[in-house]
Amino acid sequence: MRIEVLNEIVDWINDTNAATPKILQLYGQAGKGKLAITHTIALQAQNLGMLGSCFCFSCVRQHKQLHTKLFPTITCDLADRDICLWPLLVEVTAKNHSLRDMADIVAQWEELISKPLNKLKGPPTGNVLVVIDALDESGAVGMRATVLKVLAVHCGKLPANIQILLTSRPLMDIGEALNTIPHIRARSLNATDMEVTMRDIYLYVSTHLNSLHDTFTDICFQQLTVKSGGVFKWACLACDFISPRIGAIPKDCFHEIMSHAPGDGRTLLNEMYTTFLKDLFRGSDEHQVFGSVMQQILWLKEPLPISALDFMCDRFPQKDDCYPVGFVLNFMAPLLAGASEVSIPIRPLHASFYDFLLDEKRSGEFFIEQGDAHRDLAVASLSVMQDGLYFNMCGLETSYILNSEVADLGKKVQENIPPHLLYSCQFWATHLQGAAFDPDLAHLVRGLVTGEKILFWLEALGISKLIGEAYWALISAEGWLQVSLFM
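What you see is a predicted model, and the numbers here were worked out from it, not measured in a lab.

Caption draft 1: Layout of the packing of helix α9 (residues 218–228) against helix α11 (residues 250–258). Close contact between α9 and α11 brings their axes to 11 Å; oriented N to C, the two are set at 35°. Helix-helix and strand crossings are classified by hand; for α9 and α11 the assignment is left-handed. On the side of α9, the interface is formed by C220, Q223, L224 and K227, while α11 contributes F254, I257 and M258. Tallied by class, residues from the contact of α9 with α11 come to 5 nonpolar, 1 polar and 1 charged.

Caption draft 2: Main features of the sheet that holds strand β2 (residues 51–56). With parallel pairing, 5 strands are arranged side by side in an open sheet as β2-β3-β4-β1-β5. A strand with exactly one partner marks an edge of an open sheet, and here the two such strands are β2 and β5 (184–188). Averaged over all pairs of adjacent strands, the angle between strand axes in this sheet comes to 15°, irrespective of strand direction. Judged from the 5 bridges that link them, β2 and strand β3 (residues 128–133) form a sheet pairing that is parallel. Looking at the pairing, C54 lines up with V131 of β3. The strands touched by helix α3 (residues 70–81) are β2 and β3; relative to β2, the strand with the most contacts, the crossing angle is about 155°.

Caption draft 3: Main features of the packing of helix α10 (residues 232–242) against α11. α11 packs onto α10 with a crossing angle of 145° between their chain directions and a minimal axis gap of 8 Å. Between α10, through W234, A238, F241 and I242, and α11, the contact on the second element is made entirely by P250, C253, F254, E256 and I257. Classifying every residue of the contact of α10 with α11 gives 8 nonpolar, no polar and 1 charged.

Caption draft 4: Quick peek at the environment of F367. In this structure, F367 sits in the loop between α17 (360–363) and α18 (373–388). Residue F367 is classed as partly exposed on the basis of its relative accessible area of 25%. With 72 residues separating them in the primary sequence, F367 and Q295 have C-alpha atoms 9.7 Å apart. When sequence neighbours within four positions are dropped, the list of residues in contact with F367 reads L357, L358, D359 and E360.

The rules behind each value
- Residues numbered from 1 in each chain as written.
- Predicted model: local features only at pLDDT ≥ 70, side-chain atom pairs only at ≥ 80, totals over all residues.
- Heavy atoms only, no water.
- Axes fitted to C-alpha atoms, helices over the stretch in contact; angles between N-to-C directions.
- Helix = DSSP H or I, 4+ residues; strand = E, 2+ residues; numbered from the N terminus.
- Left-handed = near helix turned anticlockwise from the far one by under 90°.
- Contact = heavy atoms within 4.5 Å.
- Nonpolar A, V, L, I, M, F, W, Y, C, P; charged D, E, K, R; others polar.
- Pairing = 2+ DSSP bridges.
- Buried < 20%, exposed > 50% of the residue type's maximum accessible area, 1.4 Å probe, protein only.

Spelled out as structure tokens, the structure:
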């Protein structure tokens, strides 16, 4: 772990000089250790009572317009830390209920953060660190532009005790917007002394593989360190690949990795991912199963756990695409969070893995194309709703009170509306929009919108605080049917 970089960040947080930049931008290519550094700093700040908020963008959740959730989330987190903020926020949101979901990011900043913080009376309550992780995964350049504008133009006026740690890959639009701003200090991990980087990677490798000291000498650890080329993610994957597991001999795995030709960071990651997947899926049939399952995962609009993925997969129109998801993902824990737990949503441990799978030049035989993914997920979602929706799913005693007045409504929703059903209610129309016309799919749409199920769907969205999705879904479905029938 980048000890010098960590110390540098800590010094920046503790610097009381008024001229100290309000934002520290930490950037570097994939695999350079940004995530590990950020999590370490956030954990230390939390233990010291200094963490104001930690917001992580994700490439698998870009559809959720997370850039519009950034400042409302930070505001709520800051209010949880300083109770004096709550009445100020209540006053603001009472006048404008749409602030939390509006697309005007600058207005959100002014009304939810800038004005309330400036109205606070009394001395500041110690240093407060706000972490914004993986800004490069916040969506398209246009979406990111307004967030960058707030960071570049408005964040310099933050109270003296509030600082922002920002991480991203070195994208051109981010660099152009932030690199010359006086209140922003840019820190490149790519420029970190390679000798220091190699020292830290050696420490990681030798510690992680310590149990194999009878098999590997210190020279082997040094060879792995050199092979990493300074890419932390490669070192992590290499250690996982070499670690003892059924059907694999550590020494053979070591030689397999060392046989790769040298390359830059991106090439090294490509080779490591390919090596991992070739070891797991060796025949054409296994490749097909892997491709089918990963296609489902990659084109989901929100990560789902294995139990929900199995439920959806069972309702795909082509039965030869129905594979036990857990069986396929069981050995992919070094690549995917949730791969060994049926109830934890499946997510990439590193964004570069999804980038790899979606780029045919990088992944080759493991390339995942979209195909009929949206059709399959639309069919599955509509089938799930047809089977799972019914009147008063949460067993509420009366319909004559507001949802906000129902005791433990969130708990009731969680207990009675499983993840696969909630996902289907929220995203069936999104997948429909991406699917080509299909008579069977049109029949399922007609079954939902012309019968009583549509009322139960609205009920499920309402009690899940997602009723805003209904209007767009119906308009979208109408458009799909009209265009498809015309064609």
